[in-house]
Amino acid sequence: MSEAPPPAIRALPSWLLARAAARGRALMADALAAEGLKVWQYVVLLAVRDLAPVAQADLGRRVRLDPKDLVGVLHDLQAAGLVFRAPDPHDRRKNAVSLTEEGARRLVRCEHAAAQANERLLGPLTAAERERLTGMLARIAGTDAP
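Residues numbered from 1 in each chain as written. Predicted model: local features only at pLDDT ≥ 70, side-chain atom pairs only at ≥ 80, totals over all residues. Heavy atoms only, no water.

(A) Local environment of the nonpolar core. Counting residues in hydrophobic clusters, the biggest one holds 27 residues, and the most contacted among them are V44, L45, L59 and L77. Those elements that provide at least two residues to this core are α2 (13-33), α3 (39-51), α4 (56-63), α5 (67-79), β3 (95-99) and α6 (101-122). Setting aside residues no more than four positions away along its own chain, L59 makes contact with V44, A47, V48, V54, L70, L74 and V97. (Core = buried A, V, L, I, M, F, W, Y, C linked by side-chain atoms within 4.5 Å. Buried < 20%, exposed > 50% of the residue type's maximum accessible area, 1.4 Å probe, protein only. Helix = DSSP H or I, 4+ residues; strand = E, 2+ residues; numbered from the N terminus. Contact = heavy atoms within 4.5 Å.)

Shown next, in the form of structure tokens:
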């Protein structure tokens, strides 16, 4: 008896996307855990690097993370010495987030680990297939392709 779901289920694009996403999350979580980070912490560090100094509220909107959840992620990153918050230079009523030097170093290591995880995820595909898949997923997700 096979452990695979019936063909009608395996033919559902939504089911396949969910399975691929679950596998990708697990690979990323394992890779990042080796560097002491969780997936959302990594996502926030990437965004902070690219946007810094970035107002905390703008950061939450850009990564599409609930403000209450973002506060927890930032608290953990700041406690680990990876980011710092200071008054926003454009609006002193807001906090702006930036990377620390240690945050930048850890992010480089995490990018390497994430690249390896994505290589494992996409290993069965050719380079051209990977590019097409990424573009199609971006369209499905309603975001711009990288």
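(B) Structural context of the packing of α3 against α4. Running from amino to carboxyl end, α3 crosses α4 at an angle of 120°, the nearest separation of the two axes being 10 Å. Relative to α4, α3 is oriented so that their crossing is right-handed. Contacts from W40, V43, V44, A47, V48 and L51 of α3 reach α4 at L59, R62 and V63. Residues belonging to the contact of α3 with α4 are distributed by class as follows: 8 nonpolar, no polar and 1 charged. (Axes fitted to C-alpha atoms, helices over the stretch in contact; angles between N-to-C directions. Left-handed = near helix turned anticlockwise from the far one by under 90°. Nonpolar A, V, L, I, M, F, W, Y, C, P; charged D, E, K, R; others polar.)

(C) Focus on the pattern of salt bridges. One pass over the structure, following the stated rule, counts 10 salt bridges. Linking D50 and R49 is a salt bridge whose minimum nitrogen-to-oxygen distance equals 2.9 Å. For D50, a relative accessible area of 55% translates into the label exposed. Sharing partners across several salt bridges, the network here consists of E35, E101, E102, R105, R106 and R109. (Salt bridge = Lys/Arg side-chain N within 4 Å of Asp/Glu carboxyl O.)

(D) Spatial organisation of the layout of surface pockets. Taken as a whole, the largest pocket holds about 1700 Å³ of empty space. Every residue lining the largest pocket is counted, 38 residues in all, and those nearest its centre are N118, T134, L137, A141 and T143. Sorting the residues of the lining of the largest pocket by element identifies α2, α3, α4, α6 and α7 (127-141) as the ones contributing at least two each. Counting residues per element, the lining of the largest pocket draws most heavily on α7, which supplies 9 residues. Residue classes in the lining of the largest pocket are distributed as 25 nonpolar, 4 polar and 9 charged. (1 Å grid on protein atoms, 1.4 Å probe; cavity = no way out; pocket = protein on both sides within 12 Å on 5 of 7 lines; lining within 4 Å. Points joined across faces, edges and corners; volume = space filled by probe spheres on them.)

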